[in-house]
Amino acid sequence: MMINRQIFLCAGLGAMLMASAQNTTTRSALFSEGDDMAKAKPEYNESGMRMIDITRPWSDQKVNGVDYGWYRIHLTIPSSLVKGKNFADYIQFNLGPIDDADEVYLNGKLIGKTGGMPGDAGGYRSAWSVNREYAVKANDKSINWDGDNVLAVRCYNGNDPGGMFGRNGVTVTVPELIDGVSIGFGKGKNGKETVTVSNRYDKSIKGSLTIEEVDNETGKVIGQSSHKVSSSAKKPGVVANLTPGEGSFLRVKFTDDLTGKDVVSRSHPKFILTPAAPAAPRFNTVEVYGVRPGSPIHYRFGVSGERPMTFSSSDLPEGVTLDPANGALGGSVAKRGDYTFTVKASNGKGTAEQRFTLKVGDNIALTPPMGWNSWNCWGLSVTQDRVVSSAQALIDKGLADYGYAYINIDDGWEAPERNADGTIAVNEKFPSMKELGDWLHSEGLKFGIYSSPGDLTCGCYLGSLDHELQDAETYNSWGVDYLKYDWCGYGKKHALEPDRRATSSYIRPYMLMGEYLRRQPRDIFYSLCQYGMADVWKWGAMVDANSWRTTGDITDTWASLYDIGFNRQAGLAPYAAPGHWNDPDMLIVGKVGWSDNLRDSRLTPDEQYTHIALWSLLASDMLIGCDLAQLDDFTINVLCNNEVNAVNQDLLGKQADRVVKDGDIQIWSRPLSDGTHAIGVFNVGGNDLNVNLADYYKALGIVKLQSVRDLWRQKDLSVSNTDYFIPSHGVRFIKVRY
Ligand code: GAL
């Protein structure tokens, strides 16, 4: 919680504005492209710089494709700001978010840095959504009180938009002592929980800490304790040896003795809701699969249970094979029709059967694709070894047993030049696409690749422009089953087209590749990536696309998840159907990083349950974006809940709509093929809430509730008590019959 007093701001262009105690906002600065450390110095000659708006990214201001840029902001910092204050040891510069990484200098002295620039030890790391708040001691010699100060901001932009874009521009504030207080949760050496009250400032703050233990499912307070704590930068306050129960979290409040102001926080334990799968075989994938006549079949039955397991069938259709060791279906069927047969899976603990139908016809992707894509973890540093390691982990860690089957290489595999005959070539990181494809197929998995209708991809690798047919043929020869076709470099060509404002100009490049893919003697899932331009959901199916991205890129923050998942998917349900899906982008659970440097997803556990529940309701592509070799138990639990996955894969193929938007409560509902409904009751606000489903029966069309099942916990709930505790950014995901 920040309780800054916003005292003063001013900036200008060479000419300084005078200090004022009003709430003014600095919205402009001097700017120039390029990287030159001399720009950090106060005496830098600014004659080559020009004015720019710092509340909007630079790409909105005709600065495109620029990596480094510098801003210089002139400020007067009046000494009256700090006089007569109870605590006035620091001043703080609030710059808002910056795309992607920055360093900030006050009169030549580095005062803050966020993200990573390419030359940094850890390399490039985007931190575009993080608010930059840099505090400087009030007695710091670099501050020129009552005179001109230069705040020089060095920015590195990995991908447009780029630069400063805080809605409030730059503000200078004098923080209160409690603004430096934050609460952290951890474990002591003895494995017991600790709560740490940290203080950014080196003046001690005293107060009381109230700790509540709250049951995660019911929201009931089941324990409480109070502690006296003092905290300074040198010596944080610690309360140790707490022992909350398995299914509970800690809710904590620190109250400053002097001002009575408080800071509240809560712990986010990685609580596992998905019950363990039985040791005996259990089929987790739907009983229908679509393939075109004559196309090679690559399909793996998703069956959990102890290994080794054997697969068999006594009535396989002619031309179809079944690998007894891994449950991979192969072969092909030339004649259209529905072919139904029984598959048996057995291990030391038992046997399970599935009556399965191979639908040989025009439609593929009868359910949304499930699998993995390299982008959200490795970005452009993807290699064949990394792809193989994730594919192997998909099998070894049991994700294939839940239907995850696509292994998709995103951008970064292409060589700088095509071969002499014009065919696309791979770079040194990918020794053999054909071998990779063959291996994936031998495991019953599918192979995906990435390109652009432009000359270049987003990562500036070669695209397919003027080589579309040739590329489709190459993909076929490598055994590719999925193409993500990303607009990016096509923008340049599009900008010159006379009909560029017409939808037809957006359709054209996708229509072309769609036709060439269909000419190939195999099924290639066609995934459009053009961020939703020209209402792609209205024409995607027409170009034979199997899914289309509806938004820009997702990242692992609540802001991004909320905007993409909740704001932008409402109203798109009518456009999804078996074979053709809306795609709100890849999953952001597990270890992600878009580079060589991976980190745990910044989503809280509740946000991750929300993410997967929402993507299931939205019948979205389920492409995992993390390094599968480093999967932890929590991530496996959110990805491999057969009842949750079954909503995503439901054969009716009806995407959820938002039925209720009531303050922070949103309810999304979709009908399922068994006559029930999947309902997500979401709390998108910052406070935990209690929600009674009965209050929304009318909106949901419920007259009499017959059954309720909690899908994450896989247990039946009472039909008469529908009062649910829903933590901040969390969900109650249920399946109801009415
Ligand atoms: C973006 C796309 C990302 C990723 C990236 C590769 O345009 O939305 O998902 O594919 O390009 O450069």
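Our structure is the block above this text.
Because the structure is predicted, anything quoted here is derived from the model rather than measured. (Residues numbered from 1 in each chain as written. Predicted model: local features only at pLDDT ≥ 70, side-chain atom pairs only at ≥ 80, totals over all residues. Heavy atoms only, no water.)

Caption draft 1: Expanded view of the pattern of salt bridges. Enumeration over the complete set of coordinates arrives at 49 salt bridges. Lys 715 is paired through a salt bridge with Glu 217; the nearest N and O atoms lie 3.0 Å apart. Taken together, the residues span a long stretch of sequence, with Lys 715 in strand E43 (residues 715-717) and Glu 217 in the loop between strand E14 (205-215) and strand E15 (221-231) at a distance of 498 residues. Given a relative accessible area of 35%, Lys 715 falls into the partly exposed group. A salt bridge links Lys 270 to Asp 632, with the shortest nitrogen-to-oxygen separation between them at 3.2 Å. Residue Lys 270 is found in the loop between strand E18 (262-266) and strand E19 (282-283), and its partner Asp 632 is found in the loop between strand E37 (622-624) and helix H10 (633-639); the two are separated by 362 residues along the sequence. Through salt bridges with shared partners, one network takes in Asp 35, Glu 103, Lys 113, Asp 120 and Arg 154. (Salt bridge = Lys/Arg side-chain N within 4 Å of Asp/Glu carboxyl O. Helix = DSSP H or I, 4+ residues; strand = E, 2+ residues; numbered from the N terminus. Buried < 20%, exposed > 50% of the residue type's maximum accessible area, 1.4 Å probe, protein only.)

Caption draft 2: Representation of the side chain of Glu 468. Turning to its location among the elements, Glu 468 is positioned in helix H4 (residues 468-478). For Glu 468, the side chain forms a polar contact with the main-chain nitrogen of Asp 466, separated by 3.2 Å. If near-sequence neighbours (up to four positions away) are discounted, Glu 468 is found in contact with Pro 453, Tyr 485, Leu 512, Met 513 and Tyr 516. (Polar contact = N/O pair within 3.5 Å; in protein donor to acceptor, adjacent residues only side chain to side chain. Contact = heavy atoms within 4.5 Å.)

Caption draft 3: Region of interest: the pairing of strand E31 (residues 482-486). Extensive coverage of E31 is indicated by the burial of five of its five residues. The alternating pattern of E31 places Tyr 482, Lys 484 and Asp 486 on one face and Leu 483 and Tyr 485 on the opposite face, and all of these are buried. In the sheet, strand E30 (residues 446-451) pairs with E31 via four bridges, with the strands oriented parallel. Bridging across to E31, Ser 451 finds its partner in Tyr 485. This β-α-β element, E30 to H4 to E31, shows right-handed connectivity. Alignment of E31 against strand E32 (residues 525-529), held across five bridges, turns out to be parallel. Of the residues in E32, the one forming a bridge with Tyr 485 is Leu 528. (Pairing = 2+ DSSP bridges. Right-handed = clockwise from strand over helix to strand, strands pointing away.)

Caption draft 4: Structural context of the sheet that holds strand E45 (residues 731-737). Spatial ordering of the open sheet is given by E38-E39-E40-E45-E42-E43, a layout of six strands whose pairing is antiparallel. Every other strand in the sheet has two partners, leaving strand E38 (657-662) and E43 as the edge strands with one partner each. Each neighbouring strand pair of the sheet contributes to a mean axis angle of 25°, computed without reference to strand direction. By the bridge criterion, four bridges tie strand E42 (residues 707-710) to E45 in an arrangement that is antiparallel. Paired with Val 708 across the strands is Val 736, a residue of E45. Against the sheet, helix H8 (residues 558-567) makes contact with E38, strand E39 (665-671) and strand E40 (677-683), and its axis sits at roughly 45° relative to E39, the strand it touches most. (Axes fitted to C-alpha atoms, helices over the stretch in contact; angles between N-to-C directions.)

Caption draft 5: Expanded view of the state of the cysteines. Scanning the entire structure with this criterion turns up one disulfide. Shown here is the disulfide that connects Cys 458 with Cys 488, its sulfur atoms set 1.6 Å apart. Taking the torsion about the S-S bond as the criterion, the Cys 458 to Cys 488 disulfide, at about 90°, is right-handed. Of this pair, Cys 458 sits in the loop between E30 and H4 while Cys 488 sits in the loop between E31 and helix H5 (490-495), and the two are 30 residues apart along the sequence. Cys 488 gets classed as partly exposed once you look at its relative accessible area, which sits at 26%. Note on Cys 155: no disulfide assigned, nearest cysteine sulfur contributed by Cys 460 at a separation of 20 Å. There is no disulfide at Cys 377, and the cysteine sulfur nearest it, in Cys 626, is 6.7 Å away. (Disulfide = S-S within 2.5 Å.)

Caption draft 6: Inspection of the site of the ligand at higher detail. Within the structure, the ligand sits among 13 residues, and Asp 410, Cys 458, Lys 484, Asp 486 and Asp 553 are positioned closest to it. For the ligand, an oxygen atom lies 2.8 Å from a polar atom in the side chain of Lys 484. In the model, an oxygen atom of the ligand is placed 2.4 Å from a nitrogen or oxygen of the Asp 553 side chain. In isolation the ligand has 310 Å² of accessible area, and contact with the protein removes 95% of it. (Near = heavy atom within 4 Å. Areas by Shrake-Rupley, 256 points an atom, 1.4 Å probe, with all protein chains shown as cover.)

Caption draft 7: Expanded view of the pairing of strand E9 (residues 148-156). For E9, a buried count of eight out of nine residues is recorded, marking the element as mostly surrounded by other parts of the structure. Two strands pair when backbone bridges link them, and strand E4 (residues 68-76) and E9 are joined in this way by nine bridges, in the antiparallel orientation. Note that in E9 the partner of Ile 73 across the bridge is Leu 151. In terms of strand pairing, strand E6 (residues 101-106) meets E9 through six bridges, oriented antiparallel. For Tyr 105, the partnering residue across the bridge sits in E9 and is Ala 152.

Caption draft 8: Representation of the packing of H4 against helix H6 (residues 503-518) in the model. Between H4 and H6, whose axes approach to 9 Å, the crossing angle comes to 40°. The angle between the axes of H4 and H6 places the two elements in the oblique class. Both H4 and H6 take part in a crossing whose hand is right-handed. Only Leu 512, Met 513, Tyr 516 and Leu 517 of H6 make contact with H4, whose side of the interface consists of Glu 468, Leu 469, Asp 471, Ala 472 and Tyr 475. Class assignment for the residues of the contact of H4 with H6 results in seven nonpolar, no polar and two charged. (Parallel < 35°, antiparallel > 145°, perpendicular 65-115°, else oblique. Left-handed = near helix turned anticlockwise from the far one by under 90°. Nonpolar A, V, L, I, M, F, W, Y, C, P; charged D, E, K, R; others polar.)

Caption draft 9: Here's a closer look at the sheet that holds strand E25 (residues 328-331). What the three strands build is an open sheet, ordered E21-E25-E24; its pairing is antiparallel. Two strands in the sheet have a free side with no partner beyond their single neighbour: strand E21 (299-300) and strand E24 (320-322). One ladder, built from two bridges, connects E21 with E25; its direction is antiparallel. Bridging from a neighbouring strand, Arg 300 pairs with Ala 328 of E25.

Caption draft 10: Looking closely at the packing of H8 against helix H9 (residues 605-617). Running from N to C, H8 and H9 point in directions that differ by 20°, and their axes come no closer than 11 Å. Between H8 and H9, the interaxial angle falls into the category roughly parallel. The element H8 and its partner H9 pack so that their crossing is left-handed. Across the interface between the two elements, Trp 558, Leu 561, Ile 564, Gly 565 and Phe 566 of H8 pack against Glu 607, Thr 610, His 611, Leu 614 and Trp 615 of H9. Of the residues that constitute the contact of H8 with H9, the class distribution is six nonpolar, three polar and one charged.

Caption draft 11: Structural view of the packing of aromatic side chains. Under the criterion given, the structure shown has 35 aromatic pairs. Their ring planes at 50° and their centres at 5.4 Å tell us that Phe 31 and Trp 58 sit as a pair that is tilted. Taken together, the residues Phe 31 in strand E2 (residues 28-33) and Trp 58 in the loop between strand E3 (50-53) and E4 connect sequence positions 27 residues apart. Taken as a pair, Phe 31 and Trp 58 share a single burial class, namely buried. With 6.5 Å between their ring centres and 15° between their planes, Phe 249 and Phe 725 make a pair best called stacked. A residue pair is termed long-range when its members are at least 10 positions apart, and Phe 249 in strand E17 (residues 248-256) and Phe 725 in strand E44 (residues 723-726) qualify at 476 residues. The same class applies to Phe 249 as to Phe 725, namely buried. An aromatic cluster of at least three residues, connected via ring pairs, comprises Phe 283, Tyr 289, Tyr 299, Phe 301, Phe 341 and Phe 356. (Phe/Tyr/Trp six-rings, centres within 6.5 Å; stacked < 30°, edge-to-face > 60°.)

Caption draft 12: Quick look at the side chain of Gln 92. Relative to the helices and strands, Gln 92 resides in strand E5 (residues 90-99). Within polar-contact distance, the side chain of Gln 92 engages the side chain of Asn 94 at 2.9 Å. A distance of 3.1 Å separates the side chain of Gln 92 from the side chain of Arg 200, its partner in a polar contact.

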